Amino acid sequence: MQPGYISLYRSGELKRRAEALEARLGSCDICPRECGVNRLEGEPGFCHSARLPIVSAVCAHHGEEPAISGSRGSGTIFFGNCNMRCVYCQNHQISQNWRKQQSREMDFHTLAERMLYLQDELGCHNINLVSPSHFVPQLVRAVLEAVPMGLRLPLVYNTSGYDSTKSLKELDGIIDIYLADLRYASDRWARKFSWAVDYVEHARAAIQEMYRQVGKLLMDEAGLARRGLIVRHLILPNRLAGSRESLTWLAEEVSPEVTVSIMSQYFPAHRASRISSLSRTISSSEYSEVVELVERLGLENGWVQEPGASDNYLPDFEREGHPFVCPKSPLVDGC
Ligand code: SF4
């Protein structure tokens, strides 16, 4: 199956999309914050990111879902900065340290070369764009550069879910696999713990748009994802993720056939250790409650991370070479 962006490149549509998205950087409404700043002139919005992409790490990632990591790893590009500010962010070194990250701006041709490096030298199965929501125009421009250089891997849009449907519509046919978080069912907790206003409405609309574009997950004969939506749900302590509401909504309003990835790896990283309700890992009863819920709702497609995953999943972006201690550590079991 050939990724859709190749035919869009040939028809000229990929170039048109890149230009349309770039024009919006002049009064930025790329994500739901709609800051209205002129990023083309370097004016900082909430995400502290201007015209060029910020690339904080490039590596083969072996700890994603089995259909994403496969045997050779997912070709992961970690974008710097973020349009959310989660107090427990495990990537806070690159998502919330914007002065340092601004020094990691990269031109589009170099980013395209990094994609080719992941494809041709590391042999990865896909290009996994992590925290892309504030860099949608930049990722399309980089793909436009990379196609004539030989890029042919499926693109994974790996997002916290705080996405603009207007921007997502421009990705229709470009992104093959959406890997989207559904973090909260309460705007109160989303605002308090992630500085995200109206998260529930935006994330749910984004997930519905993603499902409209790519549908349920299709895998090849080797079990690798080729196209479709995977929704990740990170269980938070004290039921702060609203697992019952979010997963019920997913089963009833999207589809019980949607692929879900239930994550138990929560760790009180960054500032969370100082917030009493978030200062511990999840309990076994909190874990079992969500696992039982998934079964009851008939969400049969996907994976449930084993309990105790928080022990070995913390990246360190200051480490030389690879942000993960044990890059070959698949942490999820099929359900
Ligand atoms: S992408 Fe950045 S500048 Fe643009 S609306 Fe979102 S947070 Fe604001």
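Our structure is the block above this text.
Residues numbered from 1 in each chain as written. Predicted model: local features only at pLDDT ≥ 70, side-chain atom pairs only at ≥ 80, totals over all residues. Heavy atoms only, no water.

**Section: the overall build of the protein chain**
Regarding its fold elements, the protein chain presents 12 helices and 10 strands. Expected size for 335 residues packed as a compact globule is a radius of gyration near 20 Å; at 18 Å, the protein chain falls within 12% of this value. Based on the C-alpha atoms only, the size of the protein chain along its principal axes is roughly 50 × 45 × 40 Å. Pairs at least 24 apart in sequence give 73% of the contacts found in the protein chain among residues at least 6 apart. Total accessible area on the protein chain stands at roughly 13400 Å², and carbon and sulfur atoms take up 47% of it. (Helix = DSSP H or I, 4+ residues; strand = E, 2+ residues; numbered from the N terminus. Rg over C-alpha atoms; globule rule 2.2 N^0.38 Å. Contact = heavy atoms within 4.5 Å. Areas by Shrake-Rupley, 256 points an atom, 1.4 Å probe, with all protein chains shown as cover.)

**A closer look at empty space enclosed by the protein**
If a probe as big as a water molecule is rolled over the atoms, it shows which places are left empty. In total, this model carries five cavities of 30 Å³ or more according to the counting rule given. Reported here for the largest cavity is a volume of approximately 530 Å³. Gln-90, Asn-91, Asp-181, Arg-183 and Gln-265 are the residues nearest the centre of the largest cavity, which is lined by 29 residues in total. Elements with a minimum of two residues in the lining of the largest cavity: strand S4 (155–159) and strand S7 (225–234). (1 Å grid on protein atoms, 1.4 Å probe; cavity = no way out; pocket = protein on both sides within 12 Å on 5 of 7 lines; lining within 4 Å. Points joined across faces, edges and corners; volume = space filled by probe spheres on them.)

**Let's talk about the pairing of strand S8 (residues 259–263)**
Burial runs high along S8: five of the five residues are buried. Side chains Thr-259, Ser-261 and Met-263 project from S8 onto one buried face, and the interleaved Val-260 and Ile-262 project onto a second face that is buried too. In this fold, S8 hands off to helix H12 (residues 284–297), which returns the chain to strand S9 (residues 302–305); that crossover is right-handed. (Buried < 20%, exposed > 50% of the residue type's maximum accessible area, 1.4 Å probe, protein only. Right-handed = clockwise from strand over helix to strand, strands pointing away.)

**Observations regarding the environment of Arg-39**
Following the sequence through the fold, Arg-39 ends up in the loop between helix H2 (13–23) and strand S1 (55–61). Separated by 223 residues in sequence, Arg-39 and Ile-262 have C-alpha atoms that sit 36 Å apart. When neighbours within four sequence positions are excluded, Arg-39 is seen to be in contact with Leu-25, Cys-28, Ile-30, Cys-47, Ser-49, Ala-50, Arg-51, His-134, Phe-135 and Gln-138. A distance of 3.2 Å separates a polar side-chain atom of Arg-39 from the backbone oxygen of Ala-50. (Polar contact = N/O pair within 3.5 Å; in protein donor to acceptor, adjacent residues only side chain to side chain.)

**Some remarks on the pairing of S1**
Summarising burial for S1: six of the seven residues are buried, a large majority. As paired elements, S1 and strand S2 (residues 74–79) share six bridges and run antiparallel to each other. Each residue of the ladder has a partner; that of Val-55, found in S2, is Phe-79. (Pairing = 2+ DSSP bridges.)

**Describing the site of the ligand**
Around the ligand, the surrounding shell consists of Cys-28, Cys-31, Arg-33, Glu-34, Cys-35, Val-37, Arg-39, Gly-45, Phe-46, Cys-47 and His-134. Residue classes in the shell around the ligand are distributed as six nonpolar, two polar and three charged. (Near = heavy atom within 4 Å. Nonpolar A, V, L, I, M, F, W, Y, C, P; charged D, E, K, R; others polar.)

**A short note on the nonpolar core**
Counting residues in each nonpolar core, the largest one holds 89 residues, and the members touching the most others are Tyr-88, Met-115 and Leu-229. Leu-229 has contacts with Tyr-178, Ala-180, Ile-207, Met-210, Tyr-211, Val-214, Gly-215, Lys-216, Leu-217, Val-258 and Thr-259, leaving out every residue within four places of it along the chain. Counting residues in hydrophobic clusters, the runner-up holds nine residues, among them Val-156, Leu-179, Ala-225 and Ile-230. (Core = buried A, V, L, I, M, F, W, Y, C linked by side-chain atoms within 4.5 Å.)

**Some details on unusual backbone geometry**
Within the chain, Asn-238 stands out as a residue other than glycine whose phi angle is a positive 60°. Unlike most non-glycine residues, Arg-239 shows phi in positive territory, near 60°. Within the secondary structure, Arg-239 is located in the loop between S7 and helix H11 (243–254).

**Details of the pattern of salt bridges**
All chains considered together, the criterion is met by 16 salt bridges. Lys-169 serves as the salt-bridge partner of Glu-209, at 3.4 Å between the closest nitrogen and oxygen. Of this pair, Glu-209 sits in helix H10 (residues 199–214) while Lys-169 is found in helix H8 (residues 165–170), placing the two residues 40 residues apart along the sequence. Linked through salt bridges whose partners overlap, the residues forming this network are Glu-13, Arg-16, Arg-17 and Glu-170. (Salt bridge = Lys/Arg side-chain N within 4 Å of Asp/Glu carboxyl O.)

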